[in-house]
Amino acid sequence: MSKGSFYLTTPIYYVNSVPHLGTAYTTIAADALARYRRMAGYDVFFLTGLDEHGQKVAQAAEENGTTPQEWVDSVAPKFLEAWEMLDISNDDFIRTTEERHKRGVQAFWTKLHDAGYLYKGGYDGWYCVPDETYWSEDQLVDGKCPECGRDVEFLSEENWFFKLSEFAQPLLDFYAAREAEGRPFIQPHTRRNEVVSFVEGGLRDLSISRTSFTWGVALPFAENHVTYVWIDALLNYITAVGYGAEDPESAALFERHWPANVHFVGKDIIRFHCVIWPAMLMAAGVELPETVFAHGFLLTKGEKMSKSKGNAVTPASLVERFGVDAYRYYFMRDVQFGHDGSVSMESMVQRYNGDLANDWGNLCSRLFNMVGKYFEGVVPEPPDAEVTDADSTLRSIADALPEKYEDAMSRLEYVAALEAAWDLIKEANRYIENEAPWNLAKTEETLPRLRTVIYNVLEAVRIAALFTAPVMPETSAEVWRRLALGDIRDVTDICAQAAWGGLPSGNAVTKGDPLFPRIYEEE
Ligand code: MSP
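If you're wondering where the values come from, they're calculated on a predicted model, not measured in any experiment.

Thresholds applied
- Residues numbered from 1 in each chain as written.
- Predicted model: local features only at pLDDT ≥ 70, side-chain atom pairs only at ≥ 80, totals over all residues.
- Heavy atoms only, no water.
- Phe/Tyr/Trp six-rings, centres within 6.5 Å; stacked < 30°, edge-to-face > 60°.
- Helix = DSSP H or I, 4+ residues; strand = E, 2+ residues; numbered from the N terminus.
- Buried < 20%, exposed > 50% of the residue type's maximum accessible area, 1.4 Å probe, protein only.
- Lys NZ or Arg CZ within 6 Å of the ring centre and 35° of its normal.
- Core = buried A, V, L, I, M, F, W, Y, C linked by side-chain atoms within 4.5 Å.
- Contact = heavy atoms within 4.5 Å.
- Near = heavy atom within 4 Å.
- Polar contact = N/O pair within 3.5 Å; in protein donor to acceptor, adjacent residues only side chain to side chain.
- Areas by Shrake-Rupley, 256 points an atom, 1.4 Å probe, with all protein chains shown as cover.
- Nonpolar A, V, L, I, M, F, W, Y, C, P; charged D, E, K, R; others polar.
- Pairing = 2+ DSSP bridges.
- Salt bridge = Lys/Arg side-chain N within 4 Å of Asp/Glu carboxyl O.
- Expected span 1.5 Å × (residues − 1).
- Axes fitted to C-alpha atoms, helices over the stretch in contact; angles between N-to-C directions.
- Parallel < 35°, antiparallel > 145°, perpendicular 65-115°, else oblique.
- Disulfide = S-S within 2.5 Å.

This part is about the packing of aromatic side chains. Evaluation of the coordinates by the stated rule reveals 38 aromatic pairs. Measuring from ring centre to ring centre gives 6.0 Å for W109 and F162, while their planes differ by 75°; the resulting arrangement is edge-to-face. With W109 in helix α4 (residues 99–114) and F162 in strand β6 (residues 153–162), this residue pair connects regions lying 53 residues apart in the sequence. F162 carries the same exposure label as W109, and that label is buried. Here Y175 and F185 contribute two aromatic rings whose centre-to-centre distance is 6.3 Å and whose plane-to-plane angle is 10°, an arrangement assigned as stacked. Of the two residues, Y175 sits in helix α5 (residues 168–180) while F185 sits in the loop between α5 and β7 (186–187), which places them ten residues apart along the sequence. Three or more aromatic residues joined by ring pairs form one cluster here, namely Y7, F45, F108, W109, Y117, F162, F167, Y237, Y243, F254, W258 and W277. Between the NZ or CZ atom of R210 and the centre of the ring of Y127, over which it lies, the distance is 4.5 Å.

Moving on to the nonpolar core. In this structure, L8, F264, Y327, W360 and Y414 are the most contacted members of the largest nonpolar core, which totals 119 residues. Per element, the largest residue contribution to this core is 14 residues, and it comes from helix α14 (residues 345–375). Those residues in contact with W360, other than ones at most four positions away along the chain, are D355, W422, I425, V461, A464, A465, T468, M472, T475, V479 and F516. Ranked by size, the runner-up nonpolar core spans 68 residues in total, among them F108, Y123, V241 and F272.

Bringing the site of the ligand into the picture now. Around the ligand, a shell composed of 22 residues is seen, among which I12, T26, D51, D268 and L298 lie nearest. Here I12 contributes a backbone N or O atom positioned 2.8 Å from a nitrogen atom of the ligand. L298 has a polar backbone atom sitting 2.9 Å from a nitrogen atom of the ligand. Look at the ligand: alone it shows 680 Å² of surface, and the protein chains cover 87% of it. Each residue belonging to the shell around the ligand can be placed in one class, and the counts come to twelve nonpolar, eight polar and two charged.

Moving on to the sheet that holds β6. Read across the open sheet, the four strands follow the order β5-β4-β6-β8; overall the sheet is antiparallel. If you trace the sheet from one side to the other, it starts and ends with β5 (133–135) and β8 (206–207), each paired once. Bridge count between strand β4 (residues 118–128) and β6: ten bridges; the pairing is antiparallel. Bridge pairing links D124 to S156 in β6.

Here the structure, examined in full by the defined rule, presents 34 salt bridges. Of the charged contacts, one joins E194 and R191 as a salt bridge, the two residues approaching to 2.9 Å between their closest N and O atoms. Of this pair, E194 and R191 both sit in helix α6 (residues 189–200), three residues apart, which is roughly one turn of the helix. With relative accessibility at 32%, the residue E194 sits in the partly exposed group. Residue D334 is joined to R351 by a salt bridge in which the shortest nitrogen-to-oxygen separation is 2.5 Å. In this pair, D334 sits in helix α13 (residues 324–334) while R351 sits in helix α14, placing the two residues 17 residues apart along the sequence. Since its relative accessible area comes to 26%, D334 is described here as partly exposed. A single network of salt bridges, built from pairs that share partners, joins D31, R35 and R328.

Read from one edge to the other, the open sheet built from six strands follows the order β3-β2-β1-β11-β12-β7, with strand pairing classed as parallel. Of all the strands in the sheet, the pair left with one neighbour each is β3 (92–95) and β7. Strand direction decides the pairing type here: strand β11 (residues 262–266) and strand β12 (residues 291–295), joined by five bridges, are parallel. From the neighbouring strand, V262 faces β12, where its bridge partner is T291.

Next up on the list: helix α16 (residues 414–435). Over its 22 residues, α16 extends 31 Å from the first C-alpha to the last, a length consistent with the 32 Å expected when each residue adds 1.5 Å. Downstream of α16 by one or two residues, A436 has phi in the positive range, about 45°.

Our focus in this paragraph is the packing of helix α2 (residues 55–63) against helix α3 (residues 68–85). To characterise two packed helices, one gives the angle between the axes of the helices and the distance between these axes. Interaxial distance between α2 and α3 falls to 8 Å at its minimum, and their mutual angle equals 95°. The angle between the axes of α2 and α3 places the two elements in the roughly perpendicular class. Together, V57, A60 and A61 of α2 and P68, W71 and V72 of α3 make up the contact between the two elements. Grouping the amino acids of the contact of α2 with α3 by side-chain chemistry returns six nonpolar, no polar and no charged.

So, about the state of the cysteines. Two cysteines whose sulfur atoms are joined by a covalent bond form what is called a disulfide. Following the criterion strictly, the structure yields zero disulfides and no others. Cysteine C145 shares no disulfide, and the gap to the nearest cysteine sulfur, in C148, comes to 3.6 Å. Note on C145: relative accessible area 2%, which makes it buried.

Bringing the side chain of T97 into the picture now. Summarising the element assignment, T97 is placed in the loop between β3 and α4. A polar atom in the side chain of T97 sits 2.4 Å from the side chain of E52. Ignoring any residue separated from it by four or fewer positions in sequence, one finds T97 in contact with E52, H53, Q69, V72, K102 and W215.

Geometric values such as these leave the question of function open.
Structural data, given as structure tokens:
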């Protein structure tokens, strides 16, 4: 029985750059939540995609002597390949040059035009092409873009405007109402004040069209106007689930999944998502999303993250060295989601060797070897011997895990969620050390206790694999395969699966190669 829809999105990425550590970070975080929600029985729809219009793309295409469409078509496969390499389980991949999107954008702006939210006016001001953002004279810092410090260009055009200024109070009321209901729209909380004080300062109407170039979605009611790239891009979140399409399947999809549960964004694009986006939806009478979660930036000390020869560190180079699961684990475990965090090759090697090779990989290797050695590779009967304090401790940590994990994941605290899983992994290691199965195997009288100890650790490992699966899907699938259990990716009732005692005795256990072979720091 499905627990209902869970719709989550990443920003749609600009095609001026190939996937890098930053864009991979947002996408992996969203993927871990998507996987967990599927395992918890939700009807998940996970969307990512590409933002393919705008002046920046038009310019890049021209510089490369190609058309914008050819240019975006040449970049799109790089994103698809990267997400496949990183085991991203998105259900859809939207490109803003697709017909379904353009149709939805046109339907949306026609609706706002008809409803009287748009007007024609002259725009005189500054534009930052790399950020695709408008600025007024007084917002510039030393004549440069206040966001990125790059040059801006002067624009003097006839534009269509959206009456954004009318939405300042409705937005403030909306943020407050959601807070009062205990379901804050802007998360984490620290970001809320920033947005609220910005809106309290008053909002200017937003220019929504451009006439100086053509690479965008044409505004149906205004000849020679294409939509401003940001308000084209934001609409992907509804066009991907069928907004603006006439057919009944699209309408059903929209009904099924909208409103979105979480829009994952970096803190750099919070105003677009927490101010402009909800105002657009209010104007169109479309329900507002549940949450926008803004995470921090990954900071790298260039030389340290880069390997020999000064090559920039790419997702592919890290996956090659550490494997995909370790890559995903490192970024989710080492940086508090919502805060900025430094990443380095050094700390990645440390995490890998400590948490993955020693704690998790070693636990599995030792255990599966002992099952081979003492029980001919077969899961022994569940315990019939007396339960000791050590047994109860191990079991109580396993029993507490589903709730702790859910609590952390519902707040997108990946570090806390992984720590909860690690509590069980560490306790299982301690339990093996203290119970010393190798001694229990020495005498006939202690064989029942040996059975109990091994069964309990197998159970802990089976359950730990469930809760590490959202972040490390391949490893968990492998652990379950070695325990002769079903495909862990098919689990849709994680809590029921986590009930202690679920491992059938008699299953054939495979030893296999080390899950995370130790690696050594490069010279
Ligand atoms: N196309 C817009 C988004 C439109 S959404 C309707 C855009 N694209 S982008 O390619 O620049 O991607 C920005 C996003 O990439 C950030 O919001 C963030 O999610 C991610 N990151 C880019 N660099 C990053 C870091 N250094 N660290 C963490 N995430 C960063 O903006």
